Amino acid sequence: MVDTLTPVLTDLWDAELGWKLATYEERGGYAALDVAFAMSPDDVITAVKDSGLRGRGGAGFPTGMKWSFIPQDNPKPKYLVVNADESEPGTCKDIPLMMGNPHVLVEGVILSSYAIRANKAFIYIRGEVVHVIRRVQAAVAEAYAAGHLGSNIHGSGYDLDVVVHAGAGAYICGEETALLEGLEGRRGQPRLRPPFPAVAGLYASPTVINNVESIASVPAIVKNGAAWFGSMGTEKSKGHGIFSLSGHVQKPGQYEAPLGITLRELLDLAGGVREGHQLKFWTPGGSSTPLFTAEHLDVPLDFEGVAGAGSMLGTRALQIFDETVCVVRAVLRWSEFYKHESCGKCTPCREGTWWLVQALARLESGQGSEEDLDQLLDQCDNILGRAFCALGDGATSPVTSSIQHFREEYLAHLEQGGCPFDPARSTAWSGQEVSA
Amino acid sequence: MSNQPSANQLDDKTIAELREIAARYPEPRSGLLPMLHLVQSAQGRITPEGIEACAAILEISAAEVNGVATFYTMYKRHGVGDYHVGVCTNTLCAVMGGDAIFQRLKDHLEIGNDEVAAQRQGDSRTVSLEHIECNAACDYAPVVMVNWEFMDNQTPESAVQMVEALRVGHDVSSTRGPKLCTWREAERVLAGFPDGRVDEGPTAGTASLAGLEIARERGWSAPDPSVAPAKEPTDG
Amino acid sequence: MTVSTGSTGGGVEKTDLVTVTIDGVQVSVPKDTLVIRAAEQIGVQIPRFCDHPLLAPVGACRQCLVDVPDAGNGRGFPKPQASCTLPVAEGMVVSTQVTSPVADKAQQGVMELLLINHPLDCPVCDKGGECPLQNQAMSNGRGDSRFSDERNRGVKRTFPKPINLSPTVLLDRERCIVCQRCTRFADEIAGDPFIALVERGAQQQIGIAEDAPFLSYFSGNVIQICPVGALTSEQYRFRSRPFDLVSTPGIAEHDACGSAIRVDHRRGTVLRRQAGNDPAVNEEWISDKDRFAFAYTHGDDRITYPQVRDDDGSLRPASWPEAFTVAARGLAAAKAAGGVGVLTGGRLSAEDAYAYSKLARVALDTNDIDFRARPHSAEEAAFLAASVVLTGPGNGGVTYDDLESAAKVVLVGLEPEDEAAAVFLRLRKSVRAGGTEVVSLAPFTTRGLAKLSARVVPTAPGDEPAALRALAAELDATSVLLVGERMAVVPGALGAAAEVAAASGARLAWVPRRAGDRGALEAGCLPTLLPGGRPVADPQARVDVATAWGVAHLPEAEGRSADAIVEALAAGTLGGLVIAGVDPDDTTDPAATRAAIDAAGFVVALDLRRTEVTDRADVVFPVAPTTDKAGTFVNWEGRVRTWEAALHNPASLPDLRALSGIAEEMARLGEGSPLGFRTVEEARAEMAQLGSWDGVRVEASPTSVESSRTDRGSDDSTGERDDSTVRLATWKQLLDNGSMQDGDKYLKATARTPVALVTPGDFDRYGPTVTLTGDRGSMTLPAEICDDLVEGVVWVPAGSVGNGVLADLASPGAAVTITGAEGVHG
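Owing to the predicted nature of the structure, the values given are computational and were not obtained by experimental measurement.

**Section: the overall build of chain B**
Within chain B one finds 8 helices and 5 strands. For chain B, the spread of C-alpha atoms along the three principal axes comes to 70 × 50 × 30 Å. For chain B, the residues scored as buried account for 56% of the 236 residues in total. Put simply, of all contacts in chain B between residues at least 6 apart along the chain, 62% involve residues at least 24 apart.

**Some thoughts on the domain arrangement of chain C**
All names here are of chain C. When the domains of chain C are assigned, the result is domain 1 (17-116), domain 2 (157-298), domain 3 (307-374 + 518-672 + 680-690), domain 4 (378-512) and domain 5 (725-820). Centre-to-centre separation of domain 1 and domain 2, based on C-alpha positions: 28 Å. Across the boundary between the two partners, domain 1 contributes 10 residues, which contact 11 residues of domain 2. Residues that form the side of domain 1 that touches domain 2 fall into these classes: 9 nonpolar, 1 polar and no charged.

**What to know about the UniProt feature "domain: 4Fe-4S Mo/W bis-MGD-type" (unreviewed entry) in chain C**
Summarizing the sequence annotation, UniProt attributes the feature "domain: 4Fe-4S Mo/W bis-MGD-type" (unreviewed entry) to residues 245-301 of chain C in the numbering used throughout. Counting secondary structure, residues 245-301 of chain C comes out at 9% helix and 35% strand; the distance between its end C-alpha atoms is 26 Å.

**A closer look at helix 19 (residues 590-599) of chain C**
Residue and element names in this part refer to chain C. Restricting attention to buried positions, one finds in helix 19 the residues Thr593, Ala596 and Ile597. Seen along its axis, helix 19 keeps its buried residues to an arc of 100 degrees; they face one direction. Here the buried face of helix 19 lies against helix 18 (562-571), strand 25 (576-580), strand 26 (602-607) and helix 20 (612-616).

**Comments concerning the interface of chain B and chain A**
Quite often, the size of an interface is put as the accessible area lost when its parts meet. Each partner contributes to the interface: chain B provides 76 residues, whereas chain A provides 91 residues. Partitioned by chemical class, the residues of the side of chain B that touches chain A number 45 nonpolar, 21 polar and 10 charged.

**Notes on the interface of chain A and chain C**
On the side of chain C, 29 residues touch chain A, which itself brings 25 residues to the contact. Counting only elements with at least two residues in the side of chain A that touches chain C, the list comes to helix 14 (327-341), helix 15 (347-364) and helix 16 (370-383) of chain A. The residue makeup of the side of chain A that touches chain C, split by class, is 8 nonpolar, 10 polar and 7 charged.

**A look at the environment of Val199 of chain A**
Residue and element names in this part refer to chain A. Looking at the element boundaries, Val199 is found in helix 9 (residues 197-200). The exposure class of Val199 is partly exposed, given the 17 C-beta atoms found within 10 Å. Each C-alpha atom of the pair Val199 and Trp67 lies 11 Å from the other, and the pair is 132 residues apart in sequence. Once you skip the residues sitting within four places of it in the chain, Val199 turns out to touch Pro71 and Pro206.

**What about the sheet that holds strand 4 (residues 144-146) of chain B?**
In sheet architecture, strand pairing relies on hydrogen bonds along the backbone and comes in two forms, parallel and antiparallel. Residues and elements named next belong to chain B. A sheet is described by the order of its strands in space; here 5 strands give the open sequence 2-3-1-4-5, paired in mixed fashion. A strand with exactly one partner marks an edge of an open sheet, and here the two such strands are strand 2 (115-116) and strand 5 (149-151). Bridge analysis of strand 4 against strand 5 gives 3 bridges, and the strand direction is antiparallel. Within strand 5, the position partnered with Val146 by the bridge is Glu149. Lying over the sheet, helix 6 (residues 156-168) contacts strand 1 (83-88), strand 3 (127-132), strand 4 and strand 5, oriented at roughly 145 degrees with respect to strand 3.

**Regarding the UniProt feature "domain: 4Fe-4S His(Cys)3-ligated-type" (unreviewed entry) in chain C**
Per the UniProt record, "domain: 4Fe-4S His(Cys)3-ligated-type" (unreviewed entry) is found at residues 102-141 of chain C. Structurally, residues 102-141 of chain C is divided into 60% helix and 0% strand, and its ends, taken at the C-alpha atoms, are 14 Å apart.

**A word on the confidence of the model for chain B**
Any region with low pLDDT has predicted coordinates that should not be read closely. All names here are of chain B. Mean pLDDT over chain B works out to 94, with 93% of the residues at or above the 70 mark. Across residues 1-7, confidence stays below pLDDT 50; counting only partners more than four residues off in sequence or on other chains, it has 8 contacts. Scored below 50 in pLDDT, residues 230-236 shows 14 contacts in the model against residues more than four places distant or in partner chains.

**A look at the pairing of strand 30 (residues 725-731) of chain C**
Residue and element names in this part refer to chain C. With 6 of its 7 residues buried, strand 30 lies for the most part within the structure. The sheet contact formed by strand 30 and strand 35 (residues 815-820) spans 3 bridges and is antiparallel. Bridging from a neighbouring strand, Thr725 pairs with Thr817 of strand 35.

**Topic: the nonpolar core**
Counting residues in hydrophobic clusters, the biggest one holds 455 residues, and the most contacted among them are Val81 and Val82 of chain A together with Leu331, Val412, Leu482, Val483 and Ala497 of chain C. Looking at this core element by element, the count peaks at 10 residues for helix 5 (residues 91-109) of chain B. Once residues within four sequence positions are removed from consideration, Leu331 of chain C is found in contact with Val340, Leu364, Gly576, Phe602, Val604, Ile662 and Met666 of chain C. Ranked by size, the runner-up nonpolar core spans 29 residues in total, among them Val755, Ala756, Cys786 and Ala810 of chain C.

**Description of helix 12 (residues 421-432) of chain C**
All names here are of chain C. Over its 12 residues, helix 12 extends 16 Å from the first C-alpha to the last, a length consistent with the 16 Å expected when each residue adds 1.5 Å. In terms of burial, helix 12 is largely enclosed, as 10 of its 12 residues are buried. Among all positions in helix 12, only Ala421, Ala422, Val423, Phe424, Leu425, Arg426, Leu427, Arg428, Ser430 and Val431 are buried. Note on helix 12: the residue one or two positions beyond its end, Gly434, has a positive phi of about 85 degrees.

**Some remarks on the packing of helix 6 (residues 102-116) of chain A against helix 7 (residues 130-145) of chain A**
Residue and element names in this part refer to chain A. Where helix 6 meets helix 7, the axes come as close as 9 Å, and the angle between the chain directions of the two elements is 55 degrees. It follows from the interaxial angle that helix 6 and helix 7 lie oblique. The way helix 6 lies across helix 7 gives a crossing that is right-handed. Only Arg135, Val136, Ala139, Val140 and Ala143 of helix 7 make contact with helix 6, whose side of the interface consists of Pro102, His103, Leu105 and Val106. Residue classes in the contact of helix 6 with helix 7 are distributed as 7 nonpolar, 1 polar and 1 charged.

**Examining the domain arrangement of chain B**
In terms of domains, chain B is made up of domain 1 (5-69) and domain 2 (83-182). For domain 1 of chain B versus domain 2 of chain B, the separation of C-alpha centres amounts to 28 Å.

**Concerning the sheet that holds strand 18 (residues 408-412) of chain C**
All names here are of chain C. Taken in spatial order, the 5 strands of this open sheet run 20-19-18-21-22, and their pairing is parallel. Each edge of the open sheet carries a strand with a single partner, namely strand 20 (455-458) and strand 22 (507-511). Strand-to-strand, the axes of this sheet are offset by a mean angle of 20 degrees, without reference to chain direction. Contacts from helix 14 (residues 464-471) reach strand 18, strand 19 (437-442) and strand 20 within the one sheet, and its direction differs from that of strand 19 by about 150 degrees.

Basis of the calculations
- Residues numbered from 1 in each chain as written.
- Chains lettered and ligands numbered in written order.
- Predicted model: local features only at pLDDT ≥ 70, side-chain atom pairs only at ≥ 80, totals over all residues.
- Helix = DSSP H or I, 4+ residues; strand = E, 2+ residues; numbered from the N terminus.
- Buried ≥ 20, exposed ≤ 12 C-beta atoms within 10 Å, placed from the backbone.
- Contact = placed C-beta atoms within 7 Å.
- Domains from an automatic or database assignment.
- Nonpolar A, V, L, I, M, F, W, Y, C, P; charged D, E, K, R; others polar.
- UniProt positions renumbered as here; feature names shortened; annotations may be inferred.
- Arc of directions from axis to C-beta.
- Pairing = 2+ DSSP bridges.
- Axes fitted to C-alpha atoms, helices over the stretch in contact; angles between N-to-C directions.
- pLDDT = per-residue confidence, 0-100.
- Core = buried A, V, L, I, M, F, W, Y, C linked by C-beta atoms within 7 Å.
- Expected span 1.5 Å × (residues − 1).
- Parallel < 35°, antiparallel > 145°, perpendicular 65-115°, else oblique.
- Left-handed = near helix turned anticlockwise from the far one by under 90°.

Shown next, in the form of structure tokens:
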């Protein structure tokens, strides 16, 4: 029986100097390189395929299969790009991972690059996290100095160079083709697909783009075997994943567990919703995934389970909101976020988010009628599936799901001519204010 | 048009470093984002001269550089303070108190969004304020960033104390990072020139360790690879 | 005599056809066809904004969403697809707005979103009435807005009113739907990415960098392809409503490309010009000169009535009959006093050129006729007769399409961006598609060549023949040689081009600068050629033409070239001159040309505007601009493009009408025969009947390298070159002081600043301002470093300073001295 929590990537985080090469190596770090170099690149791909690892950046595409799409008969250089642009509201796993254990990412980069036969890899980190960038920069430098990077790594004849690249503030660059645009020094606007990055990605060359956690999961798979990884998780969602609890819970934080754990189990570990309050709504995988409520506490948090319940596992970003929170205010704020982050390329997202914000602002202030709710849903219908990329779709998720679950609360705003909630009650310090 | 002191020509060292950034990549244009970070480090903002310099080095048009510089929110077209304070007001942080913190700081500093507070008599440093989007630290909500370093679990009071300390020149450290450097120094790190502060701060903050601590208490771990089936993938 | 109008030789390639079902209708289209265009085949117009057939698909506006229940693999797309980015697949099933409620709602939804921030200022918008947004909002949009109705009272995004992207192009950001047609055009087609998307999200807009306007030779195209009223023309703004305009197709007169244009006019005034759509020629693009330079026809200096020189020596108005009479008498006398030369310039329609050609032969009894109002040579005349005349798309001549399919295009003495804009764009298209390598024998890498990713073979003026021969080994039948008219004055260059082409199998074409040059060549405005490419020296050819014209015989001796005509007038061996639209400053030796006109016993000038030539003439006839008459241009390919009159101005007559009047009057005096036609229609009919020469073509003579140049720097070829002597490289830039650009200050403001390009060494030696001195004078202008300029060479624009290089400095290729400008220290 597998334990409830399975620290693999987080296991090093309580070490004193977890980001240092020496710490990582003491615990067997970089040993997977020699295991891999003794295998053919294709066998590494097979191992990752067999493990059942699926992309940890949200979409859940099988990682090994993504690698196998790289056309090896293409004479152009192959590239690995790590998507470390963690920006989805609620998502906060890759940042502590890179801060606390950057070497597992670097080792994963080496293994993954070896598998797809790339000699150049890029780690695209969002720019707004300077200390994380320092840690990854230093880890790459240490790895070079120790011979884990550069030419003829470990005497294998395999060469790899890694560039740490800082972004500059654009949520959309989490979309993989927009990220490539950013990495090519352009505006981060998604590209037309096809061609897919596996065929024509960075510099129009075959490119694999993977999330930080996906890549960081590779060393343990190579070292411990596909079966070991597959012994965790559920049938179609194998392995361990970091679950990020935030908001109105007693102990917010990172919980690394097999996929398929439920929010009820996680809340038990985290001490429950904050004292004296009840769960009202939550996001299973960030703000772009439709909201869940208390009725979804036992949904298995794996790709199939969450999808079956009408949302998406996403990045396992569990934002917990209790009954003090106005869902209309929450959704309005997310809509403002999408409006701010819309890249502007396509009409439905650019103009649609503009409209959503205005419509929600009016509703939140108590203006309008129930008809406006239906019109809002119709607007969402005109955006969902019509936009160029998934950002527009994501913008509609909180709106449609909140109206589905909390239509009465919207109507209460209209009846009362404003928001019936006191925002002060939901702050982190609201309990203490009475005594202060 | 303006002759702000920060807007003078880029010096030779900066030009050389811009070229150095471009040379890191198979295609030079890939260097543009870090290059613009370096322009900000050198000049305090994105200047027309900086745009020109990047365009010349990369052999692209100034309009193209301008298009990039105006797309990403970290690039500033007007100056910011020595310490640029960003208050997360995305939903979760806002609900947890980010809105209150932002309002308190606006009132306290007597500025609006994306403005620089007046430097008072005796202040040795300037502070600017901006509301920001989710910075991937939701388990530390409400979160404030200063020069893109984490200031976790803030309250209106703690935030005011912090900006006051910064203005008068006291050392302030990130709650899980190093002693705060200036905005321009931080921009230099983003351009790919490390500043030697990497070993400051802990491996992880308290919230990051929440699950790990429980696992340690209860003796939970990932399966022992030597026990788990070695070769065959599980058949479910 | 016209060359073939047939389509290009390539023919329809065998393409794999793909069969799809759109709205229940099966249609077979070539592989890779986009669904949006396949739908057009069955008459379904899917609304669109960002889509443009000549730009790469972008899928940005999402207006063209369709439902695809079967992608060809039995499975459908779960979401509506953008038909502008979706290629057809065998068996694909598509439902457009016509049959799919999902597609219809998706399109209406996008349209509604496009309009929420669009200002409803159609009544004052230039685009109103010809606006794709307006039209498609009517055809595919909702009747009313739900955004700004009583309930929603949405707040629109607003911007301050228009900003200048350049002196010619304004941007009204509120109207912009950021379809990116303009930025994609600038980047993909023109290669001038000086406009770009700036800002993000709802604030995204088109912008320029500070102090870096959108200065592109092709900027005006973005106004035309803007699907809303966001980009407007400074020249045309608020001048007219589209529905008040009458549009007449035309052919651009500013270069030899033969670009299709559309002349939009109202009550006898041209208000704007747009690009026409000629897929074989300019596709849908024209240069800013073709677009904006048309005010020259209606300046104060336009001649509107005939004039004759009075007894007191002044020019006075005359009636047409009087002018005919005076001209006929004067020419008859001049004919007796040694003969009359005819200089036709390079701007004539083919019909007018034919009239001059016939006038010379049947009325003036001479072959002293030359269209080359620019430096030229006997070698060139031989080359034109042997390798150029009668070549065309129908008989193996090089075409635009051939440029696109050629593996290699070699440019010799031709800077396409300045001298043949449509050629430049077609080459760039081909280079970007990865098909063609452009090689240029040039003194440095121009901006235009850089945009063609051209390989520059560093070549000083005069060294082209050797450079060409050195290149011969890498040429074959997949190569094309494009030779510019400037090569006329490089001894041996045209001969080398013909020789290298023949030896390697490479195909060869000659690209003149002026719109009328090639037509004049075909019409026989050359001392050695009769109409239809018939050699004067060939008795059979003369008989051929004489028979067709119904005259007993034609003058037998080959005539004088333009330079020789100038010499003979000065020497008094010629008695008179008929001159049409020639600017002395364009000629081989401007001073000599002026002196010749002064010396001529009798001068008949035909011109649009008052010039120094008309001032010196004895009889002046006004002639019609291209807008006022029908005509034909034969472009550099030999492709025939005709146009009809846009404006009906009874007082504005084509040259041929004046010439027929003169010839008739002369015939009445017993001098020669009348022309036999008075109208363009009649001339065309006669030209068609005469047809082309099918006899033996003149052989290119390898020995005919003697140059007719009479005015070379005395020491440029022999003496030791001292340090300060440099060879002069020069050509005319697209926008310069040319008189046909007069009258549009906005266009003028987009011209490149004239500079002398010097080597880094010469810049160090002579500083930021240099004075160049040649045998005709001095020119001082700012110097700019050109890193790869061939040592010992200086480049200056030929027509951008003073009276131009030929008048004020020296002949192209001559030695000039370079000094630091006085009082300026580098």
